[in-house]
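Coordinates in review
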Amino acid sequence: MVNVVIEPDDQLLRRVPFLNPDFIKPDGTPASSAFTPDKNEDGLSVDIEKLTTPEKSIISVQIFRLFSLRASMTTELGFENVHDPITDNYAHALIKGKFTRSISRKLAQSAIRVNIG
Amino acid sequence: MQVLQKSKQVARKSSAYTGTTYLSIQPCEWFQFSYFTASTIFSDNLYNFLDESARDVLLRINKMQKLKTGWNGYGAIPPSEISVKNAIGFVSENAKHRIPYYFAAPGVNGEVLLEIKSDDKVAEIYFNPDHSSELLLYKNEELVLEGTIEENRIEFLSFFS
């Protein structure tokens, strides 16, 4: 598979659970911990919007909401956006860099809800 | 103890019942908190003293205990018993301070996150599986303090006073 270059204007999509547990706060923003990579990840998993569709990326509208981050926003915070295709998901990418609690909050606060359908 | 009649009946029927505390959160719901220690058991007086935001985060924390690995659609692990116990303990021990809890969420690495909010002031407290904690205070979304809740309890309380 060919890796694509992630451009500054690209949108990066991340699923956020909103049922059991509910990660969406009363003001509509996701909790900071929704934008924190787990220890087994080499970065924060996202999908590159231009390589997928919101309907496919969200997997289940019953369980998740979809949020997007502008690629230039993450690079301005010192991160590197890397296309990382995986089995069954060519659009998969990783936001790589040093995640701190405050950075995760900044990402969560900056994320914009993507409406499906 | 804050006990609903229903939970008493269930407890009596259970042969495994060993005196675990049952705590009512909302009128029609009851939950078994199995992680209470002697210092975090809610007495009637303490439970009645909790405001709605504290009861709501307790409900959220309790639900986190049922999560399975991968609950976030990626690779998150469930909150650890230690994280849950310490988060509940924090709510219990600070009941008298009327902390304006805003949200509670699990972390992806076994933590429990409490968010406290009042106007333009926000605090995030992470209770980690290794017993450590992390406190972050924000004003107008600018980070103004980062440390542990143990070392910054006075600063935390005065931040919202």
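This text goes with the structure placed above it.
To start, this report covers the structure provided alongside it.

Criteria and thresholds
Residues numbered from 1 in each chain as written. Chains lettered and ligands numbered in written order. Predicted model: local features only at pLDDT ≥ 70, side-chain atom pairs only at ≥ 80, totals over all residues. Heavy atoms only, no water. Helix = DSSP H or I, 4+ residues; strand = E, 2+ residues; numbered from the N terminus. Buried < 20%, exposed > 50% of the residue type's maximum accessible area, 1.4 Å probe, protein only. Contact = heavy atoms within 4.5 Å. Areas by Shrake-Rupley, 256 points an atom, 1.4 Å probe, with all protein chains shown as cover. Salt bridge = Lys/Arg side-chain N within 4 Å of Asp/Glu carboxyl O. Expected span 1.5 Å × (residues − 1). Pairing = 2+ DSSP bridges. Axes fitted to C-alpha atoms, helices over the stretch in contact; angles between N-to-C directions. Buried area = accessible area lost by both parts, 1.4 Å probe. Polar contact = N/O pair within 3.5 Å; in protein donor to acceptor, adjacent residues only side chain to side chain. Nonpolar A, V, L, I, M, F, W, Y, C, P; charged D, E, K, R; others polar. Parallel < 35°, antiparallel > 145°, perpendicular 65-115°, else oblique.

On to the overall build of chain B. Looking only at helices and strands, chain B has 5 helices and 7 strands in total. For chain B, the sequential pattern of α-helices and β-strands runs α-β-β-α-α-α-β-β-β-β-β-α. The burial tally for chain B puts 47% of its 161 residues in the buried class. Within chain B, contacts between residues at least 6 apart in sequence are counted, and of these 46% link residues at least 24 apart. If you sum the accessible surface of chain B, you get close to 7900 Å²; carbon and sulfur atoms cover 49% of it.

Right, let's get into the side chain of Ser104(A). Its place among the elements puts Ser104(A) in helix 3 (residues 101–110). If we ignore the near neighbours within four places in the chain, the residues touching Ser104(A) are Ser32(A), Phe35(A), Thr36(A) and Phe99(A).

Using the criterion set out here, one finds 11 salt bridges over all chains in the structure. The partner of Arg105(A) in a salt bridge is Glu124(B), and the shortest N-O contact between them spans 2.9 Å. In this pair, Arg105(A) sits in helix 3 while Glu124(B) sits in strand 5 (residues 121–127), so the two residues belong to two different chains. Between Arg105(A) and Glu141(B) there is a salt bridge, with its nearest N and O atoms 2.8 Å apart. In this pair, Arg105(A) is assigned in helix 3 and Glu141(B) in the loop between strand 6 (133–139) and strand 7 (142–147), connecting two distinct chains.

The next subject is helix 3 (residues 52–64) of chain B. In this model helix 3 of chain B runs 19 Å from its N-terminal to its C-terminal C-alpha over 13 residues, within 8% of the 18 Å that 1.5 Å per residue would give. Residues of helix 3 of chain B that are buried include every one of Ser53(B), Ala54(B), Val57(B), Leu58(B), Leu59(B), Ile61(B), Asn62(B) and Met64(B), and no others.

Glancing now at the pairing of strand 3 (residues 64–70) of chain A. Residue and element names in this part refer to chain A. Judged by how many residues are buried, strand 3 sits mostly within the fold: 5 of 7 residues are covered. Bridge count between strand 1 (residues 11–17) and strand 3: 7 bridges; the pairing is antiparallel. Counterpart to arginine 15 in the pairing with strand 3 is leucine 66. By the bridge criterion, 3 bridges tie strand 3 to strand 6 (residues 112–114) in an arrangement that is antiparallel. Pairing of leucine 66 across the sheet is with valine 114, part of strand 6.

Residues and elements named next belong to chain B. With antiparallel pairing, the 5 strands of this open sheet are ordered in space as 3-4-5-6-7. Single-partner strands in this sheet number two, and they are strand 3 (101–106) and strand 7. Taken over all neighbouring pairs, the strand axes of this sheet differ in orientation by 15° on average, direction set aside. Seen against the sheet, helix 3 touches strand 3 and strand 4 (112–118) and runs at an angle of roughly 5° to strand 3.

Turning next to the interface of chain A and chain B. On the chain B side, the residues contacting the 25 residues of chain A number 29 residues. In total, about 2300 Å² of surface goes out of reach between chain A and chain B, with carbon and sulfur atoms giving 52% of it. The interface formed by chain A and chain B holds 15 residue pairs in polar contact (both at pLDDT 80 or more) in total. Going through the elements one at a time, strand 1 and helix 3 of chain A are the ones with two or more residues in the side of chain A that touches chain B. When residues in the side of chain A that touches chain B are grouped by element, the largest group, 4 residues, is from helix 3 of chain A. A class-by-class count of the residues in the side of chain A that touches chain B yields 8 nonpolar, 7 polar and 10 charged.

A few words on the packing of helix 3 of chain B against helix 4 (residues 81–93) of chain B. Residue and element names in this part refer to chain B. Two elements in contact, helix 3 and helix 4, have axes whose closest approach is 10 Å; the angle formed by their N-to-C orientations is 170°. Taken together, helix 3 and helix 4 sit at an angle that is classed as roughly antiparallel. In this structure, helix 3 contributes Ala54, Val57, Leu58 and Ile61 to the contact, and helix 4 contributes Val84, Ala87, Ile88 and Val91. When the residues that make up the contact of helix 3 with helix 4 are grouped by side-chain class, the tally is 8 nonpolar, no polar and no charged.

Across the 10 residues of helix 3 of chain A, 7 count as buried, placing the element largely inside the fold. Taken as a whole, helix 3 of chain A has its buried residues at Arg101(A), Ser102(A), Ile103(A), Ser104(A), Arg105(A), Leu107(A) and Ala108(A). Packing partners of the buried residues in helix 3 of chain A comprise strand 3 and helix 2 (71–76) of chain A together with strand 4, strand 5, strand 6 and strand 7 of chain B.

A few words now on the environment of Val114(A). Residues and elements named next belong to chain A. Positionally, valine 114 belongs in strand 6. Remark: the alpha-carbon pair of valine 114 and serine 72, spanning 42 residues in sequence, is separated by 18 Å. Once residues lying within four places of it in the same chain are set aside, the contact partners of valine 114 are Leu13, Pro54, Leu66, Phe67 and Ser68.

Scope: geometric values only; no functional claims are made or implied.
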